[in-house]
Amino acid sequence: GLDIYWGKDGMEAISRLTDFDIGVSALVGVVGLRPTWNMIQNGKTVALANKEVLVTGGRLVMEAAKECRATLLTVDSEHSAIMQCLRGEKHAEIERILLTASGGPFFEKEITDDITPEEALRHPTWKMGPKITIDSATMMNKGFEVIEARWLFNVPVEKVQVVIHRQSIVHSMVEFRDGSIMANIAPPDMEIPIAYALSYPERMPAPHRLDIFAMKALEFKAPDEEKFPCLRLAIEAAKSGHSAQVVLNAANEVLVARFLAGGLRFTDIPRGVEAMLEQHAACALGSVDEVLALDGEIRQRTEEWIETRL
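Residues numbered from 1 in each chain as written. Predicted model: local features only at pLDDT ≥ 70, side-chain atom pairs only at ≥ 80, totals over all residues. Heavy atoms only, no water.

**Student:** When you look at the environment of lysine 51 in this model, what are you seeing that I'm missing?
**Tutor:** Here lysine 51 is to be found in helix α3 (residues 51-68). For lysine 51, a relative accessible area of 6% corresponds to the buried category. The spacing of lysine 51 and asparagine 249 is 198 residues in sequence and 10.0 Å in space, taken between C-alpha atoms. There is a polar contact of 2.5 Å between the side chain of lysine 51 and the side chain of aspartate 76. Only 2.8 Å separates the side chain of lysine 51 from the side chain of glutamate 145, close enough to count as a polar contact. (Helix = DSSP H or I, 4+ residues; strand = E, 2+ residues; numbered from the N terminus. Buried < 20%, exposed > 50% of the residue type's maximum accessible area, 1.4 Å probe, protein only. Polar contact = N/O pair within 3.5 Å; in protein donor to acceptor, adjacent residues only side chain to side chain.)

**Student:** How should unusual backbone geometry be read in this particular structure?
**Tutor:** Excluding glycine, residues mostly carry a negative phi; peptide bonds, for their part, are mostly trans. For the bond running from tyrosine 200 to proline 201, omega is 10°, close enough to zero to count as cis. With respect to the secondary-structure elements, proline 201 resides in the loop between α8 (191-199) and α9 (229-240).

**Student:** Could you clarify how one ought to interpret a nonpolar patch on the surface in this entry?
**Tutor:** Taken together, the side chains of Val24, Ile194, Leu198 and Met204 make up a nonpolar region of the molecular surface, amounting to roughly 340 Å² of accessible area. On the secondary structure map, isoleucine 194 appears in helix α8. For isoleucine 194, a relative accessible area of 35% gives the class partly exposed. (Patch = residues over 30% accessible without salt bridge, like charges linked within 9 Å, V, L, I, M, F, W, Y side chains within 5 Å. Areas by Shrake-Rupley, 256 points an atom, 1.4 Å probe, with all protein chains shown as cover. Salt bridge = Lys/Arg side-chain N within 4 Å of Asp/Glu carboxyl O.)

**Student:** Explain the packing of helix α7 (residues 140-152) against α9 here, please?
**Tutor:** Two elements in contact, α7 and α9, have axes separated by 7 Å at closest approach and are oriented at 25°. Classified by the angle between their axes, α7 and α9 sit roughly parallel to one another. Crossing hand, α7 versus α9: right-handed. Between α7 and α9, the residues in contact are Met140, Lys142, Gly143, Phe144, Val146 and Ile147 and Cys230, Leu231, Ala234, Ile235 and Ala238, respectively. Across the contact of α7 with α9, the residue classes break down as 9 nonpolar, 1 polar and 1 charged. (Axes fitted to C-alpha atoms, helices over the stretch in contact; angles between N-to-C directions. Parallel < 35°, antiparallel > 145°, perpendicular 65-115°, else oblique. Left-handed = near helix turned anticlockwise from the far one by under 90°. Contact = heavy atoms within 4.5 Å. Nonpolar A, V, L, I, M, F, W, Y, C, P; charged D, E, K, R; others polar.)

Here's what the structure looks like:
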C-alpha cells in the first residue's frame with residue numbers, strides 16, 4: 001500500500017503532489033530547482049532550504065511565486081533572521097541588509113594549495129553537509145546568500161553587505177534609513193529557523209536558550225575578498241545578470257565535488273569558477289528549461305577545464 005519514489009522521476013512526482021500544507025525544499029544544488037518550481041506552480045507554501053534555487057532561478061522563481069500566489073519562507077538562519085527583522089517594517093525604509101558570516105575554518109589561517117578536504121570540512125560553528133561546508137570554507141556560500149537576499153527581500157545587490165561575525169550569535173541585521181539597526185540574536189542552532197518557517201507566522205517553543213550573561217563581546221569584521229575570491233565572484237555574477245549566476249553555481253558544484261573526491265586543489269575552486277565566468281557572456285534566461293540547459297553545458301566545460309589542471 002505504499003508508493004515509493006526515487007531519483008529524478010521521484011522528485012518530479014513528489015513535487016507535483018498537492019495534498020500537503022507546506023513543502024520543504026532541501027535538496028542540495030540545482031537539482032532542487034524544478035521540484036521547487038513545481039510546488040510554486042501549484043501555489044503551495046514552500047520552506048526554502050536550498051540556496052541554489054534562487055541563485056539559478058532568481059527572477060523566474062519570484063515572479064512565478066507572485067503569479068501563482070505561492071509563499072516562499074526561508075530556512076537559512078541568516079535569511080530567517082532578516083525576515084524576522086523586517087516583519088511589520090516598510091520595505092522603503094531598508095537602508096542595508098547586513099548578512100553575517102562565520103568566516104569558515106580559514107578566516108584566521110593561510111589558504112594554500114595543499115588544503116585537504118578534511119581540513120576544509122572542519123567548520124568552527126555549524127554542522128552541515130559536505131557541499132555547503134566547503135562553500136562556507138571558500139565563502140561561496142555567503143556569495144550565494146547575497147544573491148538569495150537580493151531576490152527574497154527585493155533589494156539591489158549593493159544594499160546587501162557581508163559582515164564577518166565569528167561568534168555566530170547575531171544571525172543577521174537590517175539597517176534602516178533612520179540609522180537604527182535591528183538584529184536577530186539566537187543560539188547557533190538550525191532548529192530555530194526551521195521551526196520558524198514550519199510554524200510561520202506563529203512561533204513554536206524550542207528547548208535551547210541563549211544565556212545573555214555568558215555572552216562575551218560581539219565582534220564584526222569586513223570580509224577579505226582577495227583571500228576569499230568566491231565571494232567577489234558571486235557578487236560580480238549577481239551584477240552581471242541571470243545566466244552568470246547559473247554559470248557561477250554550475251561551475252562551483254562541479255569543482256567542489258571534484259575537490260571532495262580528492263581530485264582537485266582547494267584553490268582551484270575559485271580559479272575554475274572565474275575561468276567559466278570569463279568565458280561566458282551574460283544573458284537573460286526565460287525558463288527553467290533554459291536554466292538547466294545552460295547548467296549542463298557549463299558542467300561539461302568545467303570538467304574539461306579540470307582535466308587541464310590535473
